[in-house]
Amino acid sequence: MSGGPFETTFRVGEVVEAESFPETNKPEMAKLRIDLGDEAVQSVAQTGYNYDPEDLVGRQVLCATDLGSVRIAGEKSEALTVGVPDEDGHPVLVAPDDDVPLGGELY
């Protein structure tokens, strides 16, 4: 995605670790460790409505990787794992239909 001063890079990663993160003030949060091919990042994401943590391991996801990091309930979130709302407004993860090389950028 290019253009303008607010350009964001979205990259494909694979979830290599996932665990529930009930310490946040939002329901259904999880801590994800995501392999981007050349680095691994942590993402705190609201995935629990539609996914159990163990079902996320091995799954490819799309992440915004250049937004900086934020702290959520004391944990660092270095990438934004993106999703779209289901009929109840809960996140459904965005991912490629087929396995693709890790780190690939959305265009």
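Anything mentioned here points back to the structure above.
Counting of residues starts from 1 at the beginning of each chain's written sequence and follows it residue by residue. Per-residue local features of the predicted model are confined to residues with pLDDT of at least 70, and side-chain atom pairs are confined, for both listing and counting, to 80 or more; whole-chain, interface and lining totals are unaffected and use all residues. By convention in this description, side-chain values take in all heavy atoms of the structure and omit both hydrogens and water.

Quick word on the overall build of the protein chain
A run of H or I in DSSP becomes a helix once it reaches four residues, and a run of E becomes a strand once it reaches two; helices and strands are each numbered from the N terminus. From N to C terminus, the protein chain includes 1 helix and 9 strands. Listing every helix and strand of the protein chain by position from the N terminus yields β-β-β-α-β-β-β-β-β-β. For the protein chain, whose C-alpha radius of gyration is 13 Å, the value lies close to the compact-globule estimate of 13 Å for 107 residues. The dimensions of the protein chain, computed from C-alpha atoms along their principal axes, are 35 × 30 × 30 Å. Within the protein chain, buried positions represent 34% of all 107 residues. Contacts are assigned to residue pairs with any non-hydrogen atoms lying within 4.5 Å of each other. If you take every contact in the protein chain between residues at least 6 apart in sequence, the share linking residues at least 24 apart comes to 57%. Based on C-alpha atoms, the radius of gyration is set beside the globule rule, defined as 2.2 Å times the residue count to the power 0.38. The buried label applies to any residue whose accessible area, calculated with a 1.4 Å probe on protein chains only, is under 20% of its type's maximum; exposed applies above 50%, and partly exposed to all values in between.

Some details on unusual backbone geometry
Residue Ala 73 is not a glycine yet carries a positive backbone phi of 50°. As for its position among the elements, Ala 73 is in the loop between β5 (70-72) and β6 (75-77). According to the relative accessible area criterion, Ala 73 is partly exposed, its value standing at 46%.

Overview of the nonpolar core
Nonpolar cores were defined as sets of buried Ala, Val, Leu, Ile, Met, Phe, Trp, Tyr and Cys residues, with membership established by side-chain atoms within 4.5 Å. Of all hydrophobic cores here, the largest spans 13 residues; its most connected members are Val 15, Leu 32, Ile 34, Leu 56 and Val 61. Taken together, the elements giving at least two residues each to this core come down to β2 (30-35), β3 (40-45) and β4 (60-64). Counting residues per element, this core draws most heavily on β2, at 3 residues. Other than its neighbours up to four places away in sequence, Leu 56 contacts Val 15, Ala 18, Leu 32, Thr 47, Tyr 51 and Leu 93. Counting 5 residues, the second-largest nonpolar core is a separate cluster that includes Phe 10, Val 12, Leu 62 and Ala 64.

Overview of the environment of Glu 75
The residue Glu 75 is located in strand β6 in this model. Its relative accessible area of 25% is what places Glu 75 among the partly exposed residues. Linking Glu 75 and Ala 30, residues 45 residues apart in sequence, is a C-alpha distance of 11 Å. With sequence-adjacent residues up to four places away left out, Glu 75 is seen in contact with Phe 21, Lys 31, Gln 42, Val 44 and Val 70.

Focus on the side chain of Thr 47
Following the sequence through the fold, Thr 47 ends up in the loop between β3 and α1 (53-56). On the accessibility criterion, Thr 47 (2% relative accessible area) is buried. Sequence-distant contacts of Thr 47, that is, excluding residues within four places in its chain, are made with Glu 28, Ala 30, Leu 32, Leu 56 and Leu 93.

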